[in-house]
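# Tertiary structure, described
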Amino acid sequence: MMEIMEGSHAVAHAVRMCRPDVIAAYPITPQTHIVEALAEMVANCTLDSEYITVESEFSALSACLGASAAGSRVYSATTSQGLALMFEVCFNTAGMRLPVVMSIVNRALGAPLSIWNDQQDSISLRDAGWLQFYAEDNQEATDLHYIAYRVAEDRRVLLPAFVCFDGFILSHTYEPVEMLAQDQVDGYLPRYQPVIKLDSTDPVSLGLFASPDYYMEFRYQIDRALKDSGKVIREAGRLFGEMFGRDYGSPVEEYRMDDADCAIVAMGSICGTIKDAIDEMREEGRRAGLLRIRTFRPFPGEEVRKALSGVSSVAVLDKNISLGSKGAVALEVRDALYGSGVPVHGYIIALGGRDVAKKDVRNVVEMAMAGKGDIFYGLRREVLE
Amino acid sequence: MTGEECPLFEAGHRACGGCAAALAARAILDAAGRDTIIVSATGCMEVFSTPYPETAWKVPWIHSLFENNSAVASGISAALKKQGRREKVIALGGDGATFDIGMLCLSGAFERGHDFVYICYDNEAYMNTGIQRSGATPYDASTTTSPAGRCSMGNRRPKKDLPAILAAHGAPYVATATIAYLPDLKKKVRKALDTEGPCYVQVHAPCCTGWGFEGEKTLAIARLAVETGLFVSYEMENGQVTRVKKVARKPVEEYLKEQRRFRHLFRPKRNDEEIAKIQAIADRNAEKFGIDIKLKK
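Residues numbered from 1 in each chain as written. Chains lettered and ligands numbered in written order. Predicted model: local features only at pLDDT ≥ 70, side-chain atom pairs only at ≥ 80, totals over all residues.

## Quick word on the sheet that holds strand β8 (residues 199–204) of chain B
Taking strand neighbours across the sheet as the criterion, the nine strands line up as β9(A)-β2(B)-β1(B)-β3(B)-β4(B)-β8(B)-β7(B)-β9(B)-β10(B) in an open arrangement whose pairing is mixed. Edge positions in the open sheet fall to β9 (205–206) of chain A together with β10 (240–244) of chain B, since each of these has one partner strand only. As paired elements, strand β3 (residues 88–94) of chain B and strand β4 (residues 117–122) of chain B share five bridges and run parallel to each other. Residue pairing for β4 of chain B: alanine 91 of chain B is matched across the bridge by tyrosine 118 of chain B. (Pairing = 2+ DSSP bridges. Helix = DSSP H or I, 4+ residues; strand = E, 2+ residues; numbered from the N terminus.)

## Topic: the interface of chain B and chain A
Each partner contributes to the interface: chain B provides 38 residues, whereas chain A provides 36 residues. Elements that contribute at least two residues to the side of chain B that touches chain A include exactly β1 (36–40), β2 (61–63), α3 (69–83) and α5 (103–112) of chain B. Among the elements that take part in the side of chain B that touches chain A, α3 of chain B stands out by supplying twelve residues, more than any other. A per-class count over the side of chain B that touches chain A returns 20 nonpolar, eleven polar and seven charged. Pairing of β9 of chain A with β2 of chain B, which is carried by two bridges, proceeds in the parallel orientation. Residue pairing in the sheet places leucine 206 of chain A in a bridge with isoleucine 62 of chain B of β2 of chain B. (Contact = placed C-beta atoms within 7 Å. Nonpolar A, V, L, I, M, F, W, Y, C, P; charged D, E, K, R; others polar.)

## Here we look at the pairing of strand β11 (residues 262–266) of chain A
Residue and element names in this part refer to chain A. Burial within β11 is extensive, with five of its five residues counted as buried. Along β11, one buried face is formed by Cys262, Ile264 and Ala266 and the opposite face, lined by Ala263 and Val265, is buried too. Here β11 pairs with strand β12 (residues 288–293) via five bridges, running parallel. When the sheet's bridge partners are listed, isoleucine 264 is paired in β12 with leucine 290. With helix α10 (residues 270–283) bridging β11 and its parallel neighbour β12, the resulting β-α-β unit is right-handed. Bridging between β11 and strand β14 (residues 313–318) involves four bridges; their strand directions are parallel. (Buried ≥ 20, exposed ≤ 12 C-beta atoms within 10 Å, placed from the backbone. Right-handed = clockwise from strand over helix to strand, strands pointing away.)

## Points about the confidence of the model for chain B
Scored by pLDDT, chain B comes out at a mean of 96, with 98% of its residues at no less than 70. Both scores are available for the predicted complex, with the pTM at 0.97 and the ipTM at 0.97. (pLDDT = per-residue confidence, 0-100.)

## A short note on the domain arrangement of chain A
Residue and element names in this part refer to chain A. The domain boundaries assigned to chain A delineate domain 1 (2–244) and domain 2 (252–384). Look at where the C-alpha atoms of domain 1 and domain 2 centre, and you get two points 27 Å apart. The interface is formed by 26 residues belonging to domain 1 together with 20 residues belonging to domain 2. For the side of domain 1 that touches domain 2, the secondary structure elements donating two or more residues are α6 (120–123), β6 (131–134) and α9 (215–244). Looking at the side of domain 1 that touches domain 2 element by element, the count peaks at five residues for α9. Taken together, the residues that form the side of domain 1 that touches domain 2 break down as twelve nonpolar, eight polar and six charged. (Domains from an automatic or database assignment.)

## Remarks on helix α13 (residues 358–369) of chain A
Residue and element names in this part refer to chain A. Given a rise of 1.5 Å per residue, twelve residues ought to cover 16 Å, and the 17 Å separating the end C-alpha atoms of α13 matches this to within 8%. Residues of α13 that are buried include every one of Asp360, Val361, Val364, Val365 and Ala368, and no others. For α13, the angular spread of the buried residues around the axis is 140°, confining them to a single face. Buried positions along α13 lie against β11, α10, β12, β14 and β15 (344–348). Phi turns positive one or two residues past the end of α13, at glycine 371, with a value near 80°. (Expected span 1.5 Å × (residues − 1). Arc of directions from axis to C-beta.)

This is how it looks when you write it as structure tokens:
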């Protein structure tokens, strides 16, 4: 059923229909509307979950880790500083192969303090072993939660997943969203069947320490499972398309890429603006296209290389920066295109909520075509003087 | 089978000979039985009992991080409730995990009132990393980060009163126990498990390696801590002290002189002033808890 909903509420309803047994979350802007909505559902018995109002994000994910190890489906949501506080538990959750699903309502990291959107928070956890999905709009933010649970809990994967969507731009915006019915979700997402769990009838020890004789093999297996999850994501995305008409089979979306000369690469809500700008440029006869990355982990290197190998210039828009180096997406795209000869230009853009308009996208395309890149785009020079 | 026939905390682990924490683990599981899930913090006990691919634990056991065992236990407790399971949850941690780095998670879990038992094996310093001071290190103890030296008498602060802090959270049952009296320790663990809500048991667990005494003296040292009044074994129910172990007190130096960590109080020359300060701590304990046995003249 199509409804006009705030992004956070649409996500909360999707989470409700995934039937998490345990929810543990700590309030942080702009994630609050999700956890408030879930608390209300629990208070009104429309959601049968144990809801733990923890004293910190660190405990939120730790409690999820414990509940997941005990065999329950779990959920949390956070952003920015909260995710940074979870850093240690993030690595641990993936290392212990626990399929926790967590919404990341993307927000900048301090200092300086900023509550506004960029993607520095989840990008900074790219090495933690979690799957990372990035939504363009609220429909996708909603659908990706069903897909994330299905993939994370798949026995071939057993890894945790972030579902990332842009703070305020999506979380606090009302859009039409096609909500699934509970029986549809139940038909798509099977009940969680843990391979092993804490259970006194069949005791196991979880979280042992590994000497140098074993540590590398554990890390190898996590990496292999994450890389192999690409196949499971495609299966789950395709099945979703077959059942509900919205296909998520590809980890990337190609928009007007067929004969594109200059390709933009980006993730998240900014892609809506980029598509509009591309439509305008196309009307003027300029052959611009967009390659949108939906799955950042595992990184779809092959798809990226295939989509971009024919273009003459690539402009990557990064809402993050690896300080002292470059934007994370640009680095990945360069790696994927290594040896192809296709020039990749990086643009650090829209940090801390700086707005991006269609004209900015056009400017970036012009710069890329002129061979100018690896810059912060849209700096206010008068502030720097 | 339980107890001696088939211990749930199995032999063959890598603890030092004379390790009180290992003895405590065995007693705790003897009392708790099979239907128990253990949540260990990083620390000596975790490391010596679970080097991959081996484990000493015959009950379900999980270790996540150093400071989050209370939060992990919260999640497990919630999951068991949702699944309608009846296993008991015990979070286990050393004093570093409990008094210091895990304090936030511990406070949160107790405030929220989860049904679990937190057991701290208190060996009064960070033993796993090489005997550094913690918030549980007693006054004047020499550790590797509070070493006695020409201008220092060792640790400058008294031990944090964690049982009182947790009782103030509204915990229905808080107890201290010691490996010197195992039946009493087991009784308290059982009582904590049988009490609904978050309960705390702090087990005094002398560390032969860290405190500097021979492993065969562990029980004797633990007993001396009680007999001198430096460690008080008591129970608190709903914030009130309800039971205290009474003793015919001995002077504190009988306890201090047996341990390398207090050697600087006796060598190169005896420091009467500092020993008197420690005696005063024992005297205050005795008065506060009323531990002295009054002998009829």
